[in-house]
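Architecture at a glance
Listed below, chain by chain, are the residues.
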Amino acid sequence: MTTAPETTGPTGTTARTSAPTPPPLGSASGRTTGTPDVLALLTAMVACDSTTPTGEEETTAALLAEPLAAAGFEVETERLAPGRVNLTARRGFGAGGPVIMLNSHLDVVPAGGGWTSPPFLPTLRDGRLYGRGTADAKGPLAAMACAAIELARAADAGDATAPARGEIVFSAVSQEEGDSMGARHLVPLLAREGRLPDAVVVGEPTGMRLLTAHKGSVRPVIEVVGVAAHAATPGQGVNAVTAAARVIALLEEYSASLTDHGHPLLGAPTCTPVLIEGGEAPNAVPERCRITLDRRLLPGETQESVVAAVGEVLDRFNAAGEGASASVVACAPSTGGPSETPGDHPFVGLCRRALAASGADDSLGGLTVNCDMTHFRAAGVPALVCGPGRLEVMHAVDEHIVVDELRDSVGLYRAILTEALSADPESPAWS
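Just so we're clear, the structure is a prediction, and the values are computed from it rather than from any experiment. (Residues numbered from 1 in each chain as written. Predicted model: local features only at pLDDT ≥ 70, side-chain atom pairs only at ≥ 80, totals over all residues. Heavy atoms only, no water.)

1. Topic: the sheet that holds strand E5 (residues 123–125)
Using the following cut-off: Here a strand pair is declared whenever DSSP counts at least two bridges between the two strands. The way it works is that DSSP assigns letters per residue, a run of H or I at least four long becomes a helix, a run of E at least two long becomes a strand, and they are numbered from the N terminus. To get an axis, fit a line to the C-alpha atoms, keeping to the stretch in contact for a helix; angles then go from 0 to 180 degrees between the N-to-C directions. Note on definitions: a residue-residue contact is assigned when non-hydrogen atoms from the two residues lie within 4.5 Å.
With antiparallel pairing, the 3 strands of this open sheet are ordered in space as E5-E6-E19. Taken across any chain shown, the strands that pair with only one partner, and hence form the sheet edges, are E5 and strand E19 (400–402). Sheet twist, expressed as the mean angle between neighbouring strand axes with direction ignored, is 25°. Where E5 meets strand E6 (residues 128–130), 3 bridges bridge the pair, whose relative direction is antiparallel. Directly across from arginine 125, in E6, lies its bridge partner arginine 128. With respect to the sheet, helix H9 (residues 403–420) is in contact with E5, E6 and E19, its orientation differing from that of E19 by roughly 65°.

As structure tokens, then:
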């Protein structure tokens, strides 16, 4: 494994370091001489608590780094913050050809309670592996790594079916479940270095269906301001909490109006109040109350247009003259905006051919949540989302992945890579 030397610098700068020594994979398939068993690799990864924001990602990254380095990938681990890293691994297969990136995230959402088995004690039951991150998105990460390693081993063995040109880049990024710190750092870095890939497959649980569009999110924070008073004399004040209830009623009308337009793969946008916080004391009429919205965006919508639309709703409230005022004072962090790759793009077409030739579903769909695809599309890189696991178990109690699907996905990723590495990204049709 090659890594850049550790550097020190001002607060907020990054340091490139070697990853910590990982625990054993628990597989007899060979940690340094062959492809790791994908189930054993995933099991070890799920046992690492990489929760955003409380866990750490370095151990998970190290589990991936070792077998990739052993297969001839040039591996770099970049520390972005304490416990937060980006892992990038590159391997060329010959002169010319495209650079294809496999990308997903190292972190997971908080587990919460109510699990049948401990969320960070991976449990195999009824043909499924249970644990936080099995589907979102350590399952896709493990399968991607194994597919890339299989192709590298095939090339080393002189297998005629192995790629003869191009480059595979494996990318495991930090904190997608928070503010997408990893992708927000990686994509501009690659652009500055002139190393953006020609195309990206983003690993999320889609049942290995190709999703070419996804919604984005913006989270406006609304502050409602009233007039404080003693709770014993409420008439002397203006209650910000009850005023916030009227604001939410207006926002419900706005949300209902969003169903008037939609996207063929994504449906309609949504607007949902998700957090409310108000009041200063149990014996005081509250002066302030904050409402956080989750507004899901369609391709073509922007944060600015959404904030402006919410502002128009609040203008209606303010014009009523009931003594309280409301305004958008901030936007809470989110993964980012919506994005889409045209269904007739050559990269989409070759991915469809690869799946169809493997007997898999090659139909296209859309992702109703957001993901790091948006950052690659903003840089002009064609991308789509595809991975093992099911959307309905994302962020859920008893998250799991079907083992047979996990194993099958390695072959499907390998088929996509093989087809993609034979493509010509210099063709005018590619762009």
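2. Comments concerning the side chain of arginine 296
Our working rule: Only protein chains enter the calculation, and the probe is 1.4 Å; a residue is then buried if its accessible area is under 20% of its type maximum, exposed if over 50%, and partly exposed in between. Here a polar contact is recorded for every N or O atom pair within 3.5 Å, except that within protein the pair must consist of a potential hydrogen donor and a potential acceptor, and residues adjacent in sequence are included only if both atoms are side-chain atoms.
Turning to its location among the elements, arginine 296 is positioned in strand E14 (residues 288–297). For arginine 296, a relative accessible area of 16% puts it in the buried group. Polar side-chain contacts of arginine 296 include one of 2.7 Å to the side chain of aspartate 294. A distance of 3.3 Å separates the side chain of arginine 296 from the side chain of asparagine 370, its partner in a polar contact. Apart from residues no more than four positions distant in its own chain, arginine 296 is found in contact with Lys215, Gly216, Ser217, Arg219, Pro269, Thr270, Glu301, Thr368, Val369 and Asn370.

3. Quick look at the packing of helix H3 (residues 138–156) against H9
How we decide: When describing relative orientation, an angle under 35 degrees is termed roughly parallel and one over 145 degrees roughly antiparallel, while 65 to 115 degrees is termed roughly perpendicular and anything else oblique. Left-handed describes a crossing whose near helix is turned anticlockwise from the far helix through less than a right angle; right-handed describes the clockwise counterpart. Only Asp, Glu, Lys and Arg are considered charged, only Ala, Val, Leu, Ile, Met, Phe, Trp, Tyr, Cys and Pro nonpolar, and every remaining residue, Gly among them, polar.
Running from N to C, H3 and H9 point in directions that differ by 55°, and their axes come no closer than 8 Å. Taken together, the axes of H3 and H9 are oblique relative to one another. The crossing of H3 and H9 is right-handed. Taken together, the residues of H9 that come into contact with H3 (itself represented by Gly139, Pro140, Ala143, Met144, Cys146, Ala147, Ala148, Glu150, Leu151 and Ala154) are Leu406, Ser409, Val410, Tyr413, Arg414, Leu417 and Thr418. Class assignment of the residues belonging to the contact of H3 with H9 gives a composition of 12 nonpolar, 3 polar and 2 charged.

4. Quick notes on the pattern of salt bridges
Once their charged atoms are close, side chains differing in charge can pair, the charge on each being opposite to the other. Here is the rule: Each salt bridge in this description consists of a side-chain nitrogen of Lys or Arg and a carboxyl oxygen of Asp or Glu lying within 4 Å of one another.
This model, assessed by the stated rule, comprises 17 salt bridges. The partner of arginine 132 in a salt bridge is glutamate 399, with the nearest N and O atoms 2.7 Å apart. A residue pair is termed long-range when its members are at least 10 positions apart, and arginine 132 in the loop between E6 and H3 and glutamate 399 in the loop between strand E18 (383–385) and E19 qualify at 267 residues. The buried category is assigned to arginine 132, whose relative accessible area is 1%. The exposure class assigned to glutamate 399 is buried, which follows from its relative accessible area of 1%.

5. Examining unusual backbone geometry
At the junction of threonine 52 and proline 53, the peptide bond is cis and its omega measures out at 10° in the coordinates. Secondary-structure assignment places proline 53 in the loop between helix H1 (38–46) and helix H2 (58–70). Look at the link from aspartate 136 to alanine 137: it is a cis peptide, with omega at 0°. Its place among the elements puts alanine 137 in the loop between E6 and H3. Located in the positive-phi region is serine 180, a residue other than glycine, with phi close to 55°. Tracing the backbone through its elements, the reader meets serine 180 in the loop between strand E7 (166–173) and helix H4 (181–193).

6. Considerations on the nonpolar core
Burial of nonpolar side chains together is a common tendency in soluble globular proteins. Quick reminder of the rule: Here, nonpolar core means buried Ala, Val, Leu, Ile, Met, Phe, Trp, Tyr and Cys residues that are tied together by side-chain atoms lying within 4.5 Å of each other.
Within the largest apolar cluster, 64 residues are counted, with the highest numbers of intra-cluster contacts made by Leu64, Phe73, Phe170 and Val201. If you look at the next biggest cluster of nonpolar residues, it comprises 25 residues, including Ala244, Leu251, Leu314 and Phe317.

7. Some remarks on H4
Quick note on the threshold: An expected span of 1.5 Å times one less than the residue number is assigned to each helix.
Helix length check: H4 (13 residues) gives 19 Å between terminal C-alpha atoms against 18 Å at 1.5 Å per residue, within 8%. If you check which residues of H4 are buried, you get Gly182, Ala183, His185, Leu186, Val187, Leu189 and Leu190. Trailing H4 by a residue or two, glycine 194 shows a phi angle of about 65°, which is positive.

8. Quick notes on the packing of aromatic side chains
Stated formally: Within 6.5 Å between ring centres, the rings of Phe, Tyr and Trp (the latter by its six-membered ring) count as paired, and their orientation is classed by plane angle as stacked under 30 degrees, edge-to-face over 60, tilted in between. The rule for a charge over a ring is simple: NZ of Lys or CZ of Arg within 6 Å of the ring centre, and within 35 degrees of the ring normal.
Using the criterion set out here, one finds 0 aromatic pairs in the structure. Across the ring face of phenylalanine 93, the terminal group of arginine 91 is positioned such that the distance to the ring centre comes to 5.4 Å. Note that arginine 125 overlies the ring of tyrosine 130, its terminal NZ or CZ placed 4.0 Å from the centroid.

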